[in-house]
Amino acid sequence: NAGVMQNPRHLVRRRGQEARLRCSPMKGHSHVYWYRQLPEEGLKFMVYLQKENIIDESGMPKERFSAEFPKEGPSILRIQQVVRGDSAAYFCASSPGLEDEQYFGPGTRLTVT
Amino acid sequence: AQTVTQSQPEMSVQEAETVTLSCTYDTSESDYYLFWYKQPPSRQMILVIRQEAYKQQNATENRFSVNFQKAAKSFSLKISDSQLGDAAMYFCAYRSAGDKLIFGTGTRLQVFP
């Protein structure tokens, strides 16, 4: 059973461009969480999704950030008009159910130049 | 709101010795989980150990064990027989049932030969 997959692993964007980060959960997992890790900090929750539903987006910035988890395909975290402060590692985790372990992907490191 | 505090930004230990990493948390919930994650330079988040709050017995995984003091809201990690490969950032995390993970700011562990 393949682990949580994230791509790309590294992404470089210029200020003002869009960034799309993808997360494929483990097989059989229908719950996806996105976390952001700023340099020298711990991970901070951004959003929790189930298939076709956003369950909790309390950690998402109000503007420029959006997330989806369609019926088919990976979960996408989209950042529009990136700024230097968006430079961070973005981690995705998946779990089969509410009470279950969250398994982390390897992360996507976003660099905004 | 729940919080997780790691008061030791850095720790060091001699190979084969024992080290204890501290973590305290704040919550009004009675049903929750506590975790220690290891993040090596590869940035992959690796689950080290997990503790259910309803269990009085401290969790143990090989050389890793915890000292869970529910009344004091303390959850320390003990690493016995430290190895060079244990060098990493260690994050303490809290999760109430069916909810997101809340991380501390991390402790950087150095292991000296």
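Note: the structure precedes this text.
Model, not experiment: these values are computed from the prediction.

What counts as what
- Residues numbered from 1 in each chain as written.
- Chains lettered and ligands numbered in written order.
- Predicted model: local features only at pLDDT ≥ 70, side-chain atom pairs only at ≥ 80, totals over all residues.
- Heavy atoms only, no water.
- Disulfide = S-S within 2.5 Å.
- Helix = DSSP H or I, 4+ residues; strand = E, 2+ residues; numbered from the N terminus.
- Buried < 20%, exposed > 50% of the residue type's maximum accessible area, 1.4 Å probe, protein only.
- Contact = heavy atoms within 4.5 Å.
- Buried area = accessible area lost by both parts, 1.4 Å probe.
- Salt bridge = Lys/Arg side-chain N within 4 Å of Asp/Glu carboxyl O.
- Polar contact = N/O pair within 3.5 Å; in protein donor to acceptor, adjacent residues only side chain to side chain.
- Nonpolar A, V, L, I, M, F, W, Y, C, P; charged D, E, K, R; others polar.
- Core = buried A, V, L, I, M, F, W, Y, C linked by side-chain atoms within 4.5 Å.

## Thoughts on the state of the cysteines
The tally for this structure, following the rule as stated, stands at two disulfides over all chains. Bridging A:Cys23 to A:Cys92, the disulfide has an S-S length of 1.7 Å. Residues A:Cys23 and A:Cys92 share a disulfide whose torsion about the S-S bond is about -45°; that sign makes it left-handed. Here the residue A:Cys23 occupies a position in strand β3 (residues 19–24), and A:Cys92 occupies one in strand β9 (residues 88–95), the gap between them amounting to 69 residues. Side by side, A:Cys23 and A:Cys92 carry an identical accessibility label, which is buried. Put simply, B:Cys23 and B:Cys92 are joined by a disulfide, and their sulfur atoms are 2.0 Å apart. Where B:Cys23 bonds to B:Cys92 through sulfur, the torsion about that S-S bond is close to -70°, and the disulfide is left-handed. You can see B:Cys23 sitting in the loop between β3 (19–21) and β4 (24–26) and its partner B:Cys92 sitting in strand β10 (residues 88–96), a full 69 residues away along the chain. You can call B:Cys23 buried: its relative accessible area is 1%.

## Focus: the interface of chain A and chain B
Contact with chain A, which involves 22 residues of that partner, is made by 21 residues of chain B. Contact with chain B buries surface across chain A, with A:Glu99, A:Glu101 and A:Phe104 losing the most and accounting together for 30% of the total. Taken together, the links from chain A to chain B amount to three salt bridges. On the surface where chain A and chain B come into contact, there are seven residue pairs in polar contact (both at pLDDT 80 or more). Counting only elements with at least two residues in the side of chain A that touches chain B, the list comes to β4 (31–37), β5 (43–50) and β9 of chain A. For the side of chain A that touches chain B, the class distribution of residues is nine nonpolar, five polar and eight charged.

## Re the pattern of salt bridges
Counting across every chain of the model gives twelve salt bridges over all chains. Of the charged contacts, one joins B:Arg50 and A:Glu101 as a salt bridge, the two residues approaching to 2.6 Å between their closest N and O atoms. One end of the pair, B:Arg50, is in strand β6 (residues 46–52); the other, A:Glu101, is in the loop between β9 and β10 (103–104), on a second chain. On the basis of relative accessibility, which here comes to 22%, the residue B:Arg50 falls in the partly exposed class. Given the relative accessible area of 13%, A:Glu101 is considered buried. B:Lys55 serves as the salt-bridge partner of B:Glu52, at 3.8 Å between the closest nitrogen and oxygen. The exposure class assigned to B:Glu52 is buried, which follows from its relative accessible area of 14%. Here B:Lys55 falls in the partly exposed class, since its relative accessible area comes to 39%. Through salt bridges with shared partners, one network takes in A:Glu101, B:Arg50, B:Glu52 and B:Lys55.

## Let's talk about the nonpolar core
Of all hydrophobic cores here, the largest spans 26 residues; its most connected members are B:Tyr25, B:Trp36, B:Phe75, B:Leu77 and B:Tyr90. Looking at this core, the element that brings in the most residues is β10(B), giving four residues. With 23 residues, the next largest nonpolar core counts A:Phe65, A:Ala67, A:Phe69 and A:Val112 among its residues.

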